[in-house]
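Structural description and commentary
These are the residues of each chain, in order.
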Amino acid sequence: MMEKTRWSGQRPSWDEYFLELAEMVAKRSTCVRRHVGAVLVKEERIIATGYNGAPQGLTHCLDAGCLREEKGIPSGYRYELCRGVHAEQNAVINAARYGVSTLDSVLYCTNQPCVLCARMLINAGVKKIVHRGDFQDDLAVQFLREAGVELLEIPRGSEEVHGG
């Protein structure tokens, strides 16, 4: 007869759990510059995920190359010169595609959203964004705060855990 032992590790908080899942989602990214993952959650249940990459049916950036890289465009500028869709956008699009409401959801993301994504997330009804930082867009933060969206940054290496 096998003896049952209790796991003695620490359980991650909900925020850390969903951020770790966003890190896994980011591994599907096809962007040559930055791998970003997003997880949309309602009542502690995943409703959609997204990662950054080219729209369905288009050649991936890994294969086509990066126009922004070729032109020396720094991160955070000239978003229109990119074939990729942001992870946050893809998460909202995936929810819409399958008829899942994003109203009052929480977005977990490996990076702070940019201003383009911030505006979309506000209109999608996202009430809270938990992110790892690693991208600075002050206008996005201003818009999110003005709209009453709660922002929580949990930098890598500052994991919250709860006992088993």
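In short, a report on the structure. (Residues numbered from 1 in each chain as written. Predicted model: local features only at pLDDT ≥ 70, side-chain atom pairs only at ≥ 80, totals over all residues. Heavy atoms only, no water.)

Within the chain one finds six helices and seven strands. Reading the chain from its N terminus to its C terminus gives the helix and strand order β-α-β-β-α-α-α-β-α-β-α-β-β. Projected onto its principal axes, the C-alpha coordinates of the chain cover approximately 65 × 40 × 35 Å. Residue pairs at least 24 apart in sequence account for 58% of intrachain contacts in the chain once pairs closer than 6 positions are excluded. Accessible surface for the chain amounts to roughly 9900 Å². Of this, 51% is attributable to carbon and sulfur atoms. Counting 20 positive and 21 negative side-chain charges, the chain places the centres of these two groups 5 Å from one another. (Helix = DSSP H or I, 4+ residues; strand = E, 2+ residues; numbered from the N terminus. Contact = heavy atoms within 4.5 Å. Areas by Shrake-Rupley, 256 points an atom, 1.4 Å probe, with all protein chains shown as cover. Lys, Arg positive; Asp, Glu negative; His and termini not counted. Charge placed at Lys NZ, Arg CZ, Asp CG, Glu CD.)

By size, the foremost hydrophobic cluster in this structure holds 19 residues, and its most contacted members are Ala38, Leu40, Leu107, Leu121, Val126 and Ile129. Counting residues per element, the ones that place at least two in this core are strand 2 (37–42), helix 4 (87–97), strand 4 (106–109), helix 5 (115–124) and helix 6 (138–146). In this structure Ala38 touches Ala22, Val25, Ala48, Thr49, Gly50, Ala87, Glu88, Ala91, Leu107, Tyr108 and Cys109, once residues within four positions along its chain are discounted. Judged by nonpolar contacts, the second largest core, of 10 residues, contains Val25, Val41, Val130 and Ile154. (Core = buried A, V, L, I, M, F, W, Y, C linked by side-chain atoms within 4.5 Å. Buried < 20%, exposed > 50% of the residue type's maximum accessible area, 1.4 Å probe, protein only.)

Position of Asp15 relative to the elements: it lies in helix 1 (residues 14–26). Buried charge without a partner: Asp15 forms no salt bridge, and the closest opposite charge is Lys128, 4.1 Å away. Of note is the side chain of Asp15, whose polar atom sits 2.8 Å from the side chain of Tyr108. Not counting residues up to four positions away in its chain, the partners in contact with Asp15 are Tyr108, Lys128, Val130, Leu152 and Ile154. (Salt bridge = Lys/Arg side-chain N within 4 Å of Asp/Glu carboxyl O. Polar contact = N/O pair within 3.5 Å; in protein donor to acceptor, adjacent residues only side chain to side chain.)

With that settled, the discussion passes to the pairing of strand 6 (residues 150–153). With four bridges connecting them, strand 5 (residues 128–131) and strand 6 associate as parallel partners. Counterpart to Lys128 in the pairing with strand 6 is Glu150. Between the parallel pair strand 5 and strand 6, the chain is carried across by helix 6, and the sense of this crossover is right-handed. (Pairing = 2+ DSSP bridges. Right-handed = clockwise from strand over helix to strand, strands pointing away.)

A separate point is the sheet that holds strand 2. Spatial strand order, 3-2-4-5-6: five strands in an open sheet with mixed pairing. Strands with a single pairing partner mark the edges of an open sheet, and in this sheet they are strand 3 (45–51) and strand 6. Neighbour to neighbour, the strand axes of the sheet diverge by 20° on average, direction disregarded. (Axes fitted to C-alpha atoms, helices over the stretch in contact; angles between N-to-C directions.)

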